Amino acid sequence: MNALSATNRNFRHAARLLRLDSKVETSLLIPYREIKVECTIPKDDGTLASFVGFRVQHDNARGPMKGGIRYHPEVEHGEVNALAQLMTWKTAVVNVPYGGAKGGIGCSPKDLSISELERLTRVFTQKIHDLIGVNTDIPAPDMGTNGQTMAWILDEYSKFHGYSPAIVTGKPLDLGGSLGREAATGRGVVYATEALLSEHGKSVEGLTFVIQGFGNVGSWVARLIHEKGGKVVAVSDVTGALKNPNGIDIPALLEHKEKSGSLSSFDGGESMDADELLAHECDVLVPCALGGVLNRENAGDVRAKFIIEAANHPTDPEADEILSKKGVIILPDIYANAGGVTVSYFEWVQNKQAFMWEEEKVNYELKKYMTKAFHSIKGMCRTHECNLRMGAFTLGVNRVARATILRGWEA
């Protein structure tokens, strides 16, 4: 099941539990605005290349719309739509005053030079600058984009609207980025994990963890769990998979990956088949990579007691049912990986105030937001007698529905 139909299914289930009016339900599903633009740029060799850019603005009942921009060959309308909708519920779950948006350009960043990427980003910004804004829609980095991409958007947007650092988040520090932003998603995952474990009378210390994906999020999760006394017994990424029953030395592995660019040939663990990683013996499994990795074929083999969804949509609905029957507790992506958007909100607040926070304050506020959100989700679970995924969806959908009705949606 693809991301859009899974998101719609979860939304409809939440709407039934909340007994939403059918007209409100329909209006919440329909995006506010969908933008499609052609971006034609001269390439370095003098030829012209054309790329299609999208921006889906889903909902602005609770505040400006917020969401990443991805550069990937498979960016297509349905996926962008699903991710925009997911951002609406995600921002509501952690109670930051945003709605959801998502965008992207169908391109392969590794096949473009830096100057071609800059031209493409600037043309895209020129086409959408009057439809985004500090109080309208605030982009951020996503797959295939980074702080440099945001710097180009900021510069191009500022040519039309004056210097506007709050137009994007995930910026370089020198242009008004926030301390703690780089680690935010991974740190949020760890705070969410701690909140869940303490509910079950456990803590990170002494538990075993398996981490799938060792990019920005996975490597920060591993580092922070290691610092808190947890034992990371297996990790994987596109370059390979490693295991060590006594726990991998994460700082040494990070250093090795920094130097060699891969996990393979690290002597602090033995290599293993990446496909076996999800079924590896552990207390907590943390998928940090792609969607749909847990499906009906492999869900029965999972031996973890807890799954923390650091990736977007890593568990198919069929896998969800199999795992629930086995008694595995799943902390849903809509909450678990919301640390990134929460610190993006802090960055936006700092830009609007023109006053930067210390990193300790960023991390303190992040922990406060993530912990509070977990208790709100548990409250919904008790009210509606549902699992954590539905607890999070009912919480998010209910907050957006209430804001929509208060603002007078029929007017």
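Residues numbered from 1 in each chain as written. Predicted model: local features only at pLDDT ≥ 70, side-chain atom pairs only at ≥ 80, totals over all residues. Heavy atoms only, no water.

A. The pattern of salt bridges, seen in detail. Applying the stated criterion across every chain, the model contains 26 salt bridges. For aspartate 320, the salt bridge is made with arginine 389, and the minimal N-O distance between the two is 2.7 Å. Taken together, the residues aspartate 320 in helix α9 (residues 317-326) and arginine 389 in helix α13 (residues 388-407) connect sequence positions 69 residues apart. Arginine 389 shares its class with aspartate 320; the two are buried. (Salt bridge = Lys/Arg side-chain N within 4 Å of Asp/Glu carboxyl O. Helix = DSSP H or I, 4+ residues; strand = E, 2+ residues; numbered from the N terminus. Buried < 20%, exposed > 50% of the residue type's maximum accessible area, 1.4 Å probe, protein only.)

B. Representation of the packing of aromatic side chains in the model. The tally for this structure, following the rule as stated, stands at nine aromatic pairs. For the pair tyrosine 98 and tyrosine 345, a centre-to-centre distance of 5.8 Å together with 90° between the ring planes defines the contact as edge-to-face. Of this pair, tyrosine 98 sits in the loop between α3 (77-93) and β4 (99-106) while tyrosine 345 sits in helix α11 (residues 339-353); the two residues are 247 residues apart in sequence, bridging distant segments of the chain. When its relative accessible area of 14% is taken as the criterion, tyrosine 345 is described as buried. With 6.3 Å between their ring centres and 35° between their planes, tyrosine 345 and tryptophan 348 make a pair best called tilted. (Phe/Tyr/Trp six-rings, centres within 6.5 Å; stacked < 30°, edge-to-face > 60°.)

C. Looking closely at the nonpolar core. In this structure, Leu28, Val235, Val286, Leu331 and Tyr335 are the most contacted members of the largest nonpolar core, which totals 82 residues. Setting aside residues up to four positions removed in sequence, leucine 331 forms contacts with Ala192, Thr193, Leu196, Ile307, Ile308, Glu309, Ala336, Phe374 and Leu388. (Core = buried A, V, L, I, M, F, W, Y, C linked by side-chain atoms within 4.5 Å. Contact = heavy atoms within 4.5 Å.)

D. Region of interest: the packing of helix α7 (residues 216-227) against helix α8 (residues 250-260). It is at 9 Å that the axes of α7 and α8 come closest, and there the two elements cross at 150°. On the basis of their axis angle, the class for α7 and α8 is roughly antiparallel. Residues Ser219, Ala222, Arg223 and His226 of α7 form the contact with α8, whose participating residues are Ile250, Pro251 and Leu254. Taken together, the residues of the contact of α7 with α8 break down into four nonpolar, two polar and one charged. (Axes fitted to C-alpha atoms, helices over the stretch in contact; angles between N-to-C directions. Parallel < 35°, antiparallel > 145°, perpendicular 65-115°, else oblique. Nonpolar A, V, L, I, M, F, W, Y, C, P; charged D, E, K, R; others polar.)

E. Spotlight on the state of the cysteines. Summed over the entire model, instances satisfying the criterion amount to zero disulfides. Not engaged in a disulfide, the cysteine cysteine 39 finds its nearest cysteine sulfur in cysteine 107; these two sulfurs lie 9.3 Å apart. Among the residues examined, cysteine 107 registers a relative accessible area of 3% and is labelled buried. (Disulfide = S-S within 2.5 Å.)

F. Up close: the UniProt feature "site: Important for catalysis" (unreviewed entry) in the chain. With numbering aligned to this structure, UniProt lists the feature "site: Important for catalysis" (unreviewed entry) at Asp142. Inspection of the secondary structure assignment puts aspartate 142 in the loop between β5 (137-141) and α5 (147-161). Sequence-distant contacts of aspartate 142, defined by excluding residues within four places in its chain, comprise Gly68, Ile69, Arg70 and Lys102. A distance of 3.1 Å separates a polar atom in the side chain of aspartate 142 from a polar atom in the side chain of arginine 70. (UniProt positions renumbered as here; feature names shortened; annotations may be inferred. Polar contact = N/O pair within 3.5 Å; in protein donor to acceptor, adjacent residues only side chain to side chain.)

G. Geometry of the sheet that holds strand β6 (residues 208-212). Strand order in the open sheet formed by seven strands is β9-β8-β7-β6-β10-β11-β12, with mixed pairing between adjacent strands. Taken across any chain shown, the strands that pair with only one partner, and hence form the sheet edges, are β9 (270-271) and β12 (329-331). Strands β6, β10 (284-287), β11 (306-308) and β12 of the sheet are contacted by helix α6 (residues 184-199), whose axis makes an angle of about 155° with β11. (Pairing = 2+ DSSP bridges.)

H. Just the sheet that holds β4, in detail. Read across the open sheet, the five strands follow the order β1-β2-β4-β3-β5; overall the sheet is mixed. Both edges of this open sheet fall to β1 (33-42) and β5, since each of them pairs with a single strand only. When the angles between neighbouring strand axes are averaged without regard to direction, this sheet yields 20°. Alignment of β1 against strand β2 (residues 48-57), held across ten bridges, turns out to be antiparallel. When the sheet's bridge partners are listed, proline 42 is paired in β2 with leucine 48.

I. Just the side chain of histidine 256, in detail. Turning to its location among the elements, histidine 256 is positioned in helix α8. A distance of 2.9 Å separates the side chain of histidine 256 from the backbone oxygen of serine 264, its partner in a polar contact. Histidine 256 has contacts with Gly261, Ser262, Leu263, Ser264, Ser265 and Phe266, leaving out every residue within four places of it along the chain.

J. Summary view of the UniProt feature "binding site: substrate" (unreviewed entry) in the chain. Summarizing the sequence annotation, UniProt attributes the feature "binding site: substrate" (unreviewed entry) to Lys66, Lys90 and Ser344 in the numbering used throughout. Judged by maximum C-alpha separation, these annotated positions cover 279 residues in sequence but sit close together in space, the widest gap being only 12.9 Å. Mapped onto the elements of the fold, lysine 90 is located in helix α3. Look at lysine 90 and you get buried, because its relative accessible area is 6%. Residues contacting lysine 90, with those up to four places away along its chain left out, are Asn312, Asp333, Ile334, Asn337, Ala338 and Val341. Its location among the elements puts serine 344 in helix α11.

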